[in-house]
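Examination of the molecular architecture
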Amino acid sequence: MIYTRENLIQSVLDVQRYCSAEAGLADDMRGFNQALEAAFGTPLREFSSAGFFTETGPQALLFRRGIEAIQAQESGVLEEGLLYLKLEEQGESGKQLLQAYLSVGGAGSEVRRKATELLLQIVAAVWPAAPVQVTSADLLQHGFNDEQRPDPLDFW
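Another aspect to go through is the pattern of salt bridges. Inspection of every chain in the model, using the stated rule, returns eight salt bridges. We note a salt bridge from Glu-89 to Lys-86, for which the minimum N-O separation is 3.9 Å. Of the two residues, Glu-89 and Lys-86 both sit in helix α5 (residues 77-89), three residues apart, roughly one turn of that helix. Given the relative accessible area of 52%, Glu-89 is considered exposed. Classification of Lys-86 by relative accessible area gives partly exposed; the value is 45%. Note that Arg-113 and Glu-117 form a salt bridge whose closest N and O atoms lie 2.3 Å from each other. Placement of the pair is Arg-113 and Glu-117 together in helix α6 (residues 92-126), with a separation of four residues, close to one helical turn. On the accessibility criterion, Glu-117 (35% relative accessible area) is partly exposed. Salt bridges linked by common partners bring Glu-110, Arg-113, Lys-114 and Glu-117 together as one network.

As structure tokens, then:
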């Protein structure tokens, strides 16, 4: 497989999202992230905890805020269908609420897109020599085999 810097950013989010998941899934997410960081040469975990008054402190602060902006847009996907159904059953007022909610969701998608762009710009600025993409072979060189990764949906 080929992985891009967007996959790198998503792996950071996934480590946090699944940190309390069953061990197999949580370990996979951590291992995948560590291998991606090593293959890209971007130690994001260390970087994101940098103090503000270090050389890359302002970028690290922006990185943390970008991650937080994306996380704030996430909602309970499993509950969405039921929510839509219940609001539609409430007649016109429920449909109006649903439209307002969907509007917020659209804005959230835009926030996620822009925050991802910011995070990618930070990676490019802090690590200009980092590759744009890496492969499964690169991950394997860093001790991670991506051939049989678990599906998070199998853990529900």
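There's more to say after this.
The interhelical angle for the contact between helix α1 (residues 5-17) and α6, taken along N-to-C directions, is 110°, at an axis separation of 10 Å. In terms of orientation, α1 lies roughly perpendicular with respect to α6. Residues Arg-5, Glu-6, Ile-9, Gln-10 and Leu-13 of α1 pack against Arg-112, Thr-116, Leu-119, Leu-120, Val-123 and Ala-124 of α6. Counted by class, the contact of α1 with α6 contains six nonpolar, two polar and three charged residues.

With respect to the secondary-structure elements, Gly-94 resides in helix α6. Expressed as a C-alpha distance, the spacing of Gly-94 and Tyr-84, which sit 10 residues apart in the sequence, is 8.9 Å.

Turning our attention to a nonpolar patch on the surface. A cluster of nonpolar residues, Leu-83, Tyr-101 and Leu-102, forms a patch on the protein surface that exposes about 220 Å² of accessible area. Checked against the element boundaries, Tyr-101 lands in helix α6.

Let us now look at the nonpolar core. Within the largest apolar cluster, 27 residues are counted, with the highest numbers of intra-cluster contacts made by Ile-9, Leu-36, Leu-44, Phe-47, Phe-63 and Leu-139. Among the elements of the structure, α1, α2 (23-40), α3 (44-48), α4 (57-73) and α6 are those that each provide at least two residues to this core. Apart from the residues within four sequence positions on either side, Leu-36 is in contact with Tyr-3, Asn-7, Leu-8, Ser-11, Val-134 and Leu-139.

What follows is about the packing of aromatic side chains. Taken as a whole and judged by the stated rule, the model has five aromatic pairs. Ring centres of Phe-52 and Phe-53 lie 5.2 Å apart, and the angle between their planes is 85°; on these two criteria the pair is classed as edge-to-face. Taken together, the ring pairs in this structure connect Tyr-3, Phe-32 and Phe-144 into an aromatic cluster. For the cation-ring pair, Arg-149 lies above Phe-32, with the distance from its terminal atom to the ring centre recorded as 3.8 Å.

Criteria and cut-off values
- The residue count restarts for each chain, going from 1 along the sequence in the order it is written.
- pLDDT decides what is reported in this predicted model: residues at 70 or higher carry local features, side-chain atom pairs at 80 or more are listed and counted, and totals for whole chains, interfaces and linings draw on all residues regardless.
- Hydrogens and water molecules were not included; the side-chain quantities draw on all heavy atoms of the structure.
- Think of a salt bridge as a Lys or Arg side-chain nitrogen and an Asp or Glu carboxyl oxygen that are within 4 Å of each other.
- Runs of E in the DSSP output that reach at least two residues are strands. Runs of H or I that reach at least four are helices, and both are numbered from the N terminus.
- We call a residue buried when its accessible area falls under 20% of the maximum for its residue type, exposed when it is over 50%, and partly exposed in between, using a 1.4 Å probe and counting protein chains only.
- Between N-to-C directions, angles span 0 to 180 degrees; the directions come from axes that are lines fitted to C-alpha atoms, helices contributing only their stretch in contact.
- Relative orientations are named as follows: roughly parallel for angles under 35 degrees, roughly antiparallel for angles over 145 degrees, roughly perpendicular for angles from 65 to 115 degrees, and oblique for any other angle.
- Note on contacts: a residue pair qualifies if any of its non-hydrogen atoms lie within 4.5 Å across the two residues.
- Amino acids are sorted into nonpolar (Ala, Val, Leu, Ile, Met, Phe, Trp, Tyr, Cys and Pro), charged (Asp, Glu, Lys and Arg) and polar (every other residue, Gly among them).
- Patch building starts from residues that exceed 30% relative accessible area and form no salt bridge, then joins like charges within 9 Å and nonpolar side chains (Val, Leu, Ile, Met, Phe, Trp, Tyr) within 5 Å.
- In this description, accessible areas are obtained by the Shrake-Rupley approach with a 1.4 Å probe, and a residue is regarded as covered only by the protein chains that are shown.
- To qualify as a nonpolar core, a set must consist of buried Ala, Val, Leu, Ile, Met, Phe, Trp, Tyr and Cys residues joined through side-chain atoms within 4.5 Å.
- Stacked, edge-to-face and tilted are the three classes for Phe, Tyr and Trp ring pairs, Trp counted by its six-membered ring, which pair at centre distances within 6.5 Å; planes under 30 degrees apart are stacked, over 60 edge-to-face, the rest tilted.
- Only when the NZ atom of a Lys or the CZ atom of an Arg is both within 6 Å of the ring centre and within 35 degrees of the ring normal do we say a charge sits over the ring.

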